[in-house]
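# Examination of the molecular architecture
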Amino acid sequence: MTQARTALVVEDEPEIAELVMFHLQREGVEVTTTRSGRRALELARQNPPDLLVLDLMLPDLDGLEVCRRLKEHDETKPIPVVMLTARGSEADIVAGIEMGADDYVTKPFSPKVLMARLQNAIRRRTPTQSQQSDSVLIRLDGALVLDRERHVVSASGAAISLTITEFEMLFLLAKRPGFVRTRDQIIAAVHGPLTVLSQRTIDVHVTAIRRKLGRCGGAIETVRGVGYRFAEEVRA
Ligand code: CA
């Protein structure tokens, strides 16, 4: 039997905490809840959960600060963090993702959306460093193949010519499907001494990549107000 999965729910509104706990428990996840950001950090360090559900507005320590501190320590860094945010708080979402959160759910949420996001986050638990090797060959349902070492991309078997910047952007998104990247994260990951990127040029590059990918172009999804992500399923 596989070991039960565990989740830590950090939320000061009891009704929401209970709702999240109820749905996770129904899926067989062992849940601990706390309303305190400080307590959450202690619990996560003592016994790192497989998932951390984090409200941003907490009575003691701001959720963004909790996230930042989690990502500072090796033992808590790999824990997937899903933020709970108020609808329309795009600045918070961007800040949280740049702080290392993996995903977010906006309140009020439907149980179906909540569970889909949480299950994805558990499944996509941050790969270890060896799995994040830079010479990855990414195959997505055979539709799209990226070979970082050779800088080769093919879609449905046909070779595609991308610039180095375009390739690096596509690779950054494709290596972790389903994870949103903000424009600033893309700039930080892709820029080099010969590449100067602005938020606006990111959008221009994305348009170019989508066009070159043809029928696979929809694999790069726009997350309005936040950034871009690579689709979890690619259809040619
Ligand atoms: Ca709150």
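Residues numbered from 1 in each chain as written. Predicted model: local features only at pLDDT ≥ 70, side-chain atom pairs only at ≥ 80, totals over all residues. Heavy atoms only, no water.

When helices and strands are tallied, the protein chain shows 8 helices and 12 strands. When burial is assessed residue by residue, the protein chain has 50% of its 236 residues classed as buried. Residue pairs at least 24 apart in sequence account for 58% of intrachain contacts in the protein chain once pairs closer than 6 positions are excluded. Of the roughly 12200 Å² of accessible surface on the protein chain, 50% is carried by carbon and sulfur atoms. (Helix = DSSP H or I, 4+ residues; strand = E, 2+ residues; numbered from the N terminus. Buried < 20%, exposed > 50% of the residue type's maximum accessible area, 1.4 Å probe, protein only. Contact = heavy atoms within 4.5 Å. Areas by Shrake-Rupley, 256 points an atom, 1.4 Å probe, with all protein chains shown as cover.)

Our next topic: the pairing of strand 7 (residues 144-147). Alternating positions in strand 7 separate into two faces, Leu 144 and Leu 146 on one and Val 145 and Asp 147 on the other, with burial throughout. Two elements, strand 7 and strand 8 (residues 152-155), share 4 bridges in a ladder whose sense is antiparallel. Considered in strand 8, the bridge of Leu 144 is made with Ala 155. Hairpin connection between strand 7 and strand 8: a loop of 4 residues separates the two successive antiparallel strands, and His 151 in this loop has a positive phi of roughly 55°. (Pairing = 2+ DSSP bridges.)

Now for the pattern of salt bridges. Per the counting criterion, the structure on display carries 13 salt bridges. Measuring nitrogen to oxygen at the nearest pair gives 2.8 Å for the salt bridge that ties Asp 203 to Arg 183. Of this pair, Asp 203 sits in helix 8 (residues 199-213) while Arg 183 sits in helix 7 (residues 183-190), and the two are 20 residues apart along the sequence. Ionic contacts of the salt-bridge type, sharing partners, join the residues Glu 11, Glu 13, Asp 55 and Lys 107 into one network. (Salt bridge = Lys/Arg side-chain N within 4 Å of Asp/Glu carboxyl O.)

Most of strand 5 (residues 103-107) is tucked away: 5 of the 5 residues are buried. Running through helix 4 (residues 90-98), the crossover from strand 4 (residues 81-86) to the neighbouring parallel element strand 5 is right-handed. (Right-handed = clockwise from strand over helix to strand, strands pointing away.)

Looking at the secondary structure, you find Gly 227 in strand 12 (residues 227-230). Linking Gly 227 and Ile 97, residues 130 residues apart in sequence, is a C-alpha distance of 10.0 Å. When sequence neighbours within four positions are dropped, the list of residues in contact with Gly 227 reads Val 180, Arg 181, Thr 182, Arg 183, Glu 221 and Thr 222.

What follows is about the coordination of the calcium ion. Distances from the calcium ion to its protein donors, Asp 12 (OD), Asp 55 (OD) and Met 57 (O), fall at 2.1 to 2.3 Å. On the accessibility criterion, Asp 12 (22% relative accessible area) is partly exposed. Residue classification places Asp 55 among the buried positions, given a relative accessible area of 3%. (Donors = N, O, S within 2.8 Å, 3.2 Å for Na, K, Ca; no water.)

The N-to-C vectors of helix 7 and helix 8 enclose an angle of 85°; their axes lie 9 Å apart at closest approach. Between helix 7 and helix 8, the angle is such that the two are roughly perpendicular. Seen from helix 7, the contacting residues are Arg 183, Asp 184, Ile 186 and Ile 187; seen from helix 8, they are Gln 199, Ile 202 and Asp 203. Looking at the contact of helix 7 with helix 8 residue by residue, the classes come out as 3 nonpolar, 1 polar and 3 charged. (Axes fitted to C-alpha atoms, helices over the stretch in contact; angles between N-to-C directions. Parallel < 35°, antiparallel > 145°, perpendicular 65-115°, else oblique. Nonpolar A, V, L, I, M, F, W, Y, C, P; charged D, E, K, R; others polar.)

Shape is all these values report; function is a separate question.
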